[in-house]
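# Survey of secondary and tertiary structure
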Amino acid sequence: MNILVTGGTGYIGSHTAVELAMQGFNPILIDNLSNSREEVVHAIEKIIGKGIQFFNIDLCNKAELEKLFSVYKVDATIHFAAYKAVGESVDNPLKYYRNNLLSLINLLEIYQEKKLDNFLFSSSCSVYGQSDEQPVHEKTKLGKAESPYGYTKQIGETILADVLKVNSFNGCALRYFNPAGAHESALIGEYPLQAPSNLVPVITQTAAGIRKEMTVFGNDYNTSDGTCVRDYVHVVDIARAHVAAIRRLLNKKNKESYEVFNLGTGQGNTVLEVIKTFENITGQKLNYKIGPRRSGDVEKVYADTTKVNTDLGWKAEYSIKDIVKSAWAWEQHLASVKI
Ligand code: WQD
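Residues numbered from 1 in each chain as written. Predicted model: local features only at pLDDT ≥ 70, side-chain atom pairs only at ≥ 80, totals over all residues. Heavy atoms only, no water.

## A word on the environment of Glu 213
Structurally, Glu 213 can be placed in the loop between helix H7 (199-207) and strand S8 (214-217). Through-space distance from the C-alpha of Glu 213 to that of Asn 287 is 5.1 Å; in sequence the pair is 74 residues apart. (Helix = DSSP H or I, 4+ residues; strand = E, 2+ residues; numbered from the N terminus.)

Written out as structure tokens, the structure is:
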């Protein structure tokens, strides 16, 4: 079975490509390398012990994309490719609206024209905004998106839902909470071209001395220790959820043509708890200071996982300890290969 993986050299895309190959699927990776590296393809091949197809394609170039679909029979698509830096999206909204929406629209137009089936959309817990109701479940009323990035995920879900209403194909949206950690081989992990802004890579880069010091953005929230609560979920757990969702669609087990699932652990951790866990697991003292709140941050968001556990039959297996341990191993691997 050919599974098209857009954003396939990216963080979650690369880990999903590994899981797909290990479970007997044939992932076909496409990526425009705007925020990832072609060397990731070789790392994936090393892990799975065989070759993998990769094409440097920009999804906003529909003609290029149509060429690929004319050569390969695509049995399902997992659409990861998108710009995802929250702060950058505030400064450059058009870059985000154009790229994130046009790439999705191009793919769906081809799906509609060629009567293809099985489409997975990479969504995000940021669609919930700051919900008073915690944990959030799939029917929780969506809040105002905190950024153009988050809004492209909300609009993307609506576009997919509307298209599925008038076509015969099936799809689903997977709402990631906070993906973190790395593959146990430490050959792939979070490796963006731009400096990462999310918590776990900032922690490991600070511990590795790449950053002198890190800032905890605010400790005056209404939480156990005043710092924000998030649901950190291991990237390999996220990858395995995608394979489960692909199987559900390919085996026509889905109950509706459009389904939504929360991909979280159901556990919330504060920023300071993640830092403390990192220090305990790695023995590395972290150099951090408490600073002002970061605009756009929600105080608390974590997943109600009832639906994904029962309907998709998926449950996160890795803990926050596994996340920080694997993230640190990956950071050390990066340091060892840096020229
Ligand atoms: C987590 C917590 C920060 C860095 C974002 C996107 C979301 C998804 C995951 C793609 C917050 C605090 C962070 C630092 C800190 N992206 N923090 N110091 O903002 O919850 O989610 O990434 O799918 O859509 O919105 O993740 O890791 O940036 O922040 O104190 O140097 O860590 O304030 O409370 P976030 P994050």
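The rest of the description comes next.
## Quick look at the site of the ligand
Lining the immediate surroundings of the ligand are 19 residues, of which Asn 198, Leu 199, Thr 215, Arg 230 and Asp 297 lie closest. Ser 124 has a polar side-chain atom sitting 3.0 Å from an oxygen atom of the ligand. One of the backbone N or O atoms of Thr 215 is found 2.8 Å from a nitrogen atom in the ligand. Calculation on the ligand without its partners gives an accessible area of 690 Å², and the protein chains cover 90% of this total. Listing elements by their share of the shell around the ligand, those giving two or more residues are H7 and S8. (Near = heavy atom within 4 Å. Polar contact = N/O pair within 3.5 Å; in protein donor to acceptor, adjacent residues only side chain to side chain. Areas by Shrake-Rupley, 256 points an atom, 1.4 Å probe, with all protein chains shown as cover.)

## Comments concerning the sheet that holds strand S5 (residues 119-124)
Ordered by their spatial adjacency, seven strands build an open sheet running S3-S2-S1-S4-S5-S6-S11, and the pairing between neighbours is parallel. The strands lining the two open edges of the sheet, one partner per strand, are strand S3 (53-56) and strand S11 (258-263). Within the sheet, the average angular offset between the axes of one strand and its neighbour, ignoring direction, is 20°. In the sheet, S5 pairs with strand S6 (residues 171-176) via six bridges, with the strands oriented parallel. Within S6, the position partnered with Phe 121 by the bridge is Ala 173. Running at roughly 165° to strand S2 (residues 26-31), helix H3 (residues 62-71) makes contact with strand S1 (2-6), S2, S3 and strand S4 (76-79) of the sheet. (Pairing = 2+ DSSP bridges. Axes fitted to C-alpha atoms, helices over the stretch in contact; angles between N-to-C directions. Contact = heavy atoms within 4.5 Å.)

## Quick notes on the pattern of salt bridges
Charged atoms that come close allow side chains of opposite charge to pair. Applying the stated criterion to the full structure yields 17 salt bridges. Here Asp 75 ties to Lys 73 by a salt bridge, and the two come within 2.1 Å at their closest N and O atoms. Take Lys 73: its relative accessible area is 58%, and that puts it in the exposed class. Arg 175 serves as the salt-bridge partner of Glu 157, at 2.6 Å between the closest nitrogen and oxygen. Of the two residues, Glu 157 sits in helix H6 (residues 148-165) while Arg 175 sits in strand S6, which places them 18 residues apart along the sequence. Both residues of the pair, Glu 157 and Arg 175, belong to the buried class. Sharing partners across several salt bridges, the network here consists of Glu 19, Arg 240 and Glu 317. (Salt bridge = Lys/Arg side-chain N within 4 Å of Asp/Glu carboxyl O. Buried < 20%, exposed > 50% of the residue type's maximum accessible area, 1.4 Å probe, protein only.)

## Side note on the side chain of Arg 248
Examined against the element boundaries, Arg 248 turns out to sit in helix H8 (residues 235-250). The exposure class assigned to Arg 248 is buried, which follows from its relative accessible area of 9%.

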